[in-house]
Amino acid sequence: MPGIVILGAQWGDEGKGKATDLLASRTDYVVKFNGGNNAGHTVVVGDEKYALHLLPSGILTPGVVPVIGNGVVIDLEVLFDELEALSARGVDVSKLRISANAHIIADYHRTLDKVSERFLGKRSIGTTGRGIGPAYADKINRVGVRVQDLFDPSILRQKVEGSLDLKNHLLTKVYNRRQITVDEIVDDLQSYVERLRPMVGDTALELDQALDRGDIVVFEAGQATMLDIDHGTYPFVTSSSATAGGAATGSGVAPARLDRIIGIVKAYTTRVGSGPFPTELFDEWGERLRATGFEFGTTTGRPRRTGWYDSVITRYAARVNGVTDFVLTKLDVLTGIERIPVCVAYDVDGVRHDEMPVSQSDVHHATPIYEEFPGWTEDISGARTFDDLPKNAQDYVLALEAMSGSRISAIGVGPDREAIVVRHDLIEG
Ligand code: GDP
Ligand code: IMO
Ligand code: MG
């Protein structure tokens, strides 16, 4: 069972980093296949806390080969800053492999991200401002700069010229910003070339060969199903494929080689940025989830919006990803709540929806239909087997499992690496 995908089943920050780290000691390769430094994964190892943005979480485990796949957009300054910061803390980063086909985030992408958000006004997406959308727009428009272009100075100049031409009209005439010169971009990108060269290769071929050898390859998604460009709450999404299909297109590994699809899901729901969120809480319960779960963005520090568990979303995530196993995280955050509401379906203008409505307007108008479950007061952070959990916590997990479309194979009971209850092995099944 060597090809394993770890992805978010909600709107991100479900604990994908911790889940990847959990498997890392048995993993040979960890591949980031989508997004860029908009992601923020917090991994707690003993007394040490790591916040990873561009690099896959598996880099923290000695022996694991971290890979940045073709589906990723790379900000080179962030890449080398993150590598240096990890190196300084004693993490071996020498094995990193980067796809020659990954795209580059240049300064003009960051600028455009910020000015276009401002231009959208109250319709803004609430992006992370890292240039993600504009970089993917260039990729799709076929005016992107790829990692391999950096190694051919004349091609690099041509590509940057082609990409900047129209943007300078936009920046100066629409957004009232200064012109960006080809030289400043090319000089900046070229300053990284020699450090980058040894890391770059045909990562799709390397991963295929690794799978042929029987190596275990974990594909770690950034963002999540509901932020996916195709399957999320468009337009309030990110610009990449964060669902299981993205693991194949974003790495060059064939879909049939993906054996297990592990969906990470919080025991409640959070969202950062704009867009519909049917179970969102605006009262003291929402505040309580935010405070107890420490729901503040790893990347931007923004307070996360919070709400109860939404099984319409998780059933949807189970279906579009083909989830084989869920990891339910942050169950400990619910400790002490007397009755825990769970959204079982939506009411849209008097009509019950058990499945995600296809119309985005319906999602905006959806009112959750709740069922309540009795809570528990015991501290569960020390639980390591399902039997260690109080009966009501067990029943809550079993109820979520019954309504979420796949089995719950592990349960997070605290931020630490060891704070997890494993019911079914995530690699062997
Ligand atoms: P990711 O983007 O999906 O990797 O998730 P983030 O790292 O952005 O957010 C998840 C946060 O929850 C991190 O701060 C983790 O340390 C923390 N976390 C993960 N699992 C658990 C858990 O089971 N219980 C608690 N209390 N915290 C957890
Ligand atoms: P991880 O990997 C939560 C959200 C942003 C915004 C939208 C588009 O840590 O789960 P972008 O900068 O990608 O164009 O922003 O997507 N967003 C995330 N929300 N977790 C993330 O990553 C996110 N990455 C992007 O807040 O609403
Ligand atoms: Mg995160």
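Residue indices begin from 1 for each chain and proceed along its sequence in written order. Going through the entries in the order they are written, you letter the chains from A and number the ligands from 1. In keeping with the predicted nature of the model, local features appear solely for residues at pLDDT of at least 70, side-chain atom pairs appear and are counted solely at 80 or more, and the whole-chain, interface and lining totals rest on all residues. Only hydrogens and water are removed before side-chain values are computed, so all heavy atoms of the structure are retained for them.

## Let's talk about the overall build of the protein
If you tally the helices and strands in the protein, you get 13 helices and 20 strands. C-alpha atoms define the radius of gyration in this analysis, and the globule rule sets the expected value at 2.2 Å times the number of residues to the power 0.38. Here the protein has a C-alpha radius of gyration of 22 Å; the compact-globule value for 429 residues is 22 Å, and the two agree. A principal-axis box enclosing the C-alpha atoms of the protein has dimensions of 65 × 50 × 40 Å. The rule is simple: take the accessible area with a 1.4 Å probe, protein chains only, and divide by the maximum for that residue type; under 20% is buried, over 50% is exposed, in between is partly exposed. A buried classification covers 59% of the 429 residues belonging to the protein. Taking all contacts inside the protein whose residues are at least 6 apart in sequence as the whole, residues at least 24 apart take part in 75%. A run of DSSP states H or I qualifies as a helix once it reaches four residues; a run of E qualifies as a strand once it reaches two. Both are numbered from the N-terminal end. Only heavy atoms enter the contact rule, under which two residues are in contact if any of them lie within 4.5 Å.

## Concerning a nonpolar patch on the surface
Residues forming no salt bridge and having over 30% relative accessible area are the ones grouped into patches, like charges within 9 Å of each other and nonpolar side chains (Val, Leu, Ile, Met, Phe, Trp, Tyr) within 5 Å. Calculation of accessible area relied on Shrake-Rupley with a 1.4 Å probe; when residues are assessed, cover is drawn exclusively from the protein chains displayed. Definition used for salt bridges: Asp or Glu carboxyl oxygen within 4 Å of a side-chain nitrogen of Lys or Arg. Together, Phe-119, Leu-170 and Val-174 make up a nonpolar patch on the protein surface, roughly 280 Å² of accessible area in all. Its place among the elements puts Leu-170 in helix α5 (residues 153-174).

## Digging into the site of ligand 1
Surrounding ligand 1, one finds 19 residues, the nearest of these being Lys-16, Gly-40, His-41, Thr-42 and Asp-332. Contacts described as polar in this section are N or O atom pairs within 3.5 Å, which, within protein, must combine one atom able to donate a hydrogen with one able to accept it, while residues neighboring in sequence count only if both atoms come from side chains. Separating an oxygen atom of ligand 1 from a backbone N or O atom of Glu-14 is a distance of 3.2 Å. Within the backbone of Gly-414, a nitrogen or oxygen atom sits 3.2 Å from a nitrogen atom of ligand 1. Considering ligand 1 on its own, with 580 Å² of exposed area, one finds that the protein chains cover 93% of that surface. Where the shell around ligand 1 is concerned, the elements lending two or more residues are α1 (16-24) and β3 (41-45). Put simply, Ala, Val, Leu, Ile, Met, Phe, Trp, Tyr, Cys and Pro go in the nonpolar bin, Asp, Glu, Lys and Arg in the charged bin, and everything else, Gly too, in the polar bin. When grouped by side-chain class, the residues that make up the shell around ligand 1 number three nonpolar, nine polar and seven charged. Looking at which domains feed residues into the shell around ligand 1, each of domain 1 (3-98 + 200-262) and domain 3 (264-422) supplies at least three. Nearness here has a simple test: a residue counts as near a molecule or strand if at least one of its heavy atoms is within 4 Å of that partner. Reported domain spans reflect what an automatic or database domain assignment gives.

## Examining the packing of α5 against helix α6 (residues 182-190)
For every element, the axis is a line fit to its C-alpha atoms; helices are fit only across the contacting stretch, and the angle between N-to-C directions ranges from 0 to 180 degrees. Where α5 meets α6, the axes come as close as 10 Å, and the angle between the chain directions of the two elements is 135°. Accordingly, the angle class assigned to the pair α5 and α6 is oblique. The interaxial crossing formed by α5 with α6 has right-handed handedness. Residue-level inspection shows Pro-153, Leu-156, Arg-157, Val-160, Glu-161 and Leu-164 of α5 in contact with α6, the latter providing Val-182, Asp-183, Ile-185, Val-186, Leu-189 and Gln-190. Just so you know how the angles are binned, under 35 degrees is roughly parallel, over 145 roughly antiparallel, 65 to 115 roughly perpendicular, and the rest oblique. Each crossing gets its handedness from the near helix: less than a right angle anticlockwise from the far helix is left-handed, clockwise is right-handed.

## Description of the domain arrangement of the protein
When the parts come together, some accessible area is lost, and that loss is often what is quoted as the size of the interface. Domain annotation of the protein identifies domain 1 (3-98 + 200-262), domain 2 (103-194) and domain 3 (264-422). Look at where the C-alpha atoms of domain 2 and domain 3 centre, and you get two points 37 Å apart. Taken together, the six residues of domain 2 in the interface contact five residues of domain 3. Defined here as a combined quantity, buried area equals the accessible surface (1.4 Å probe) lost by two parts on assembly, summed across both. Regarding the contact of domain 2 and domain 3, the summed buried area is about 370 Å², with carbon and sulfur atoms giving 39% of it. Three residues, Gly-126, Thr-128 and Arg-130, lead the burial of domain 2 against domain 3; their summed loss comes to 69% of the area buried on that side. Counting every contact that joins domain 2 to domain 3 gives four residue pairs in polar contact (both at pLDDT 80 or more). Residue composition of the side of domain 2 that touches domain 3, grouped by class: one nonpolar, four polar and one charged.

## Quick look at unusual backbone geometry
Cis geometry is adopted by the peptide bond preceding Pro-235, which originates at Tyr-234 and carries an omega value of 5°. Along the polypeptide, Pro-235 turns up in the loop between β10 (217-220) and α9 (244-249). In this structure, Gln-223 is a non-glycine residue whose phi angle is positive, near 60°. Tracing the backbone through its elements, the reader meets Gln-223 in the loop between β10 and α9. Relative accessible area serves as the criterion here: at 9%, Gln-223 is assigned to the buried category. Look at Phe-294: it is not a glycine, yet its phi comes out positive at around 45°.

## Considering the coordination of the magnesium ion (ligand 3)
Taken together, the protein donors to the magnesium ion (ligand 3) comprise Asp-13 (OD) and Gly-40 (O), at separations of 2.0 to 2.1 Å. Placement of Asp-13 in the loop between β1 (3-8) and α1 and of Gly-40 in the loop between β2 (29-32) and β3 is noted, with a sequence separation of 27 residues between them. Overall, Gly-40 belongs to the buried group, its relative accessible area being 15%. The donor set covers N, O and S atoms within 2.8 Å of the metal, switching to 3.2 Å for Na, K and Ca, and it leaves out water, so a site may look short of donors.

## Digging into helix α4 (residues 132-141)
Among the residues of α4, Ile-132, Pro-134, Ala-135, Tyr-136 and Asp-138 are the ones counted as buried. Residues of α4 that are buried in the fold lie against β6 (73-74), β8 (103-104), α3 (107-120) and α5. Immediately downstream of α4, the backbone of Arg-142 shows phi near 65°, a positive value.

## Some words on the pattern of salt bridges
Applying the stated rule across the entire model yields 29 salt bridges. Residues Arg-257 and Asp-208 are paired through a salt bridge, measuring 2.8 Å at the closest nitrogen-oxygen approach. Taken as a pair, Arg-257 in the loop between α9 and β11 (260-266) and Asp-208 in helix α8 (residues 203-212) lie far apart in primary sequence, 49 residues in all. Relative accessible area serves as the criterion here: at 29%, Asp-208 is assigned to the partly exposed category. Its salt-bridge partner being Asp-325, residue Arg-407 comes within 3.0 Å of it at the nearest N-O pair. Here Asp-325 lies in strand β15 (residues 325-329) and Arg-407 lies in strand β19 (residues 407-412), a separation of 82 residues in the sequence. On the accessibility criterion, Arg-407 (27% relative accessible area) is partly exposed. Given the relative accessible area of 0%, Asp-325 is considered buried.

## As for empty space enclosed by the protein
Cavities and pockets are found on a 1 Å grid laid over the protein atoms alone: a cavity is a set of points where a 1.4 Å probe fits but cannot escape, a pocket is an open set with protein on both sides within 12 Å along at least five of seven lines, and a lining residue has an atom within 4 Å of such a point. Grid points are joined across faces, edges and corners, and a volume is the space filled by probe spheres set on the points. Going through the model one piece at a time under the given rule, you end up with two cavities of 30 Å³ or more. Counted as a void, the largest cavity has a volume near 40 Å³. As for the largest cavity, its lining consists of Ile-59, Thr-61, Pro-62, Gly-63, Val-64, Pro-66, Asp-92 and Lys-95. Looking at the lining of the largest cavity residue by residue, the class counts come to four nonpolar, two polar and two charged. Counted as a void, the second largest cavity has a volume near 30 Å³.

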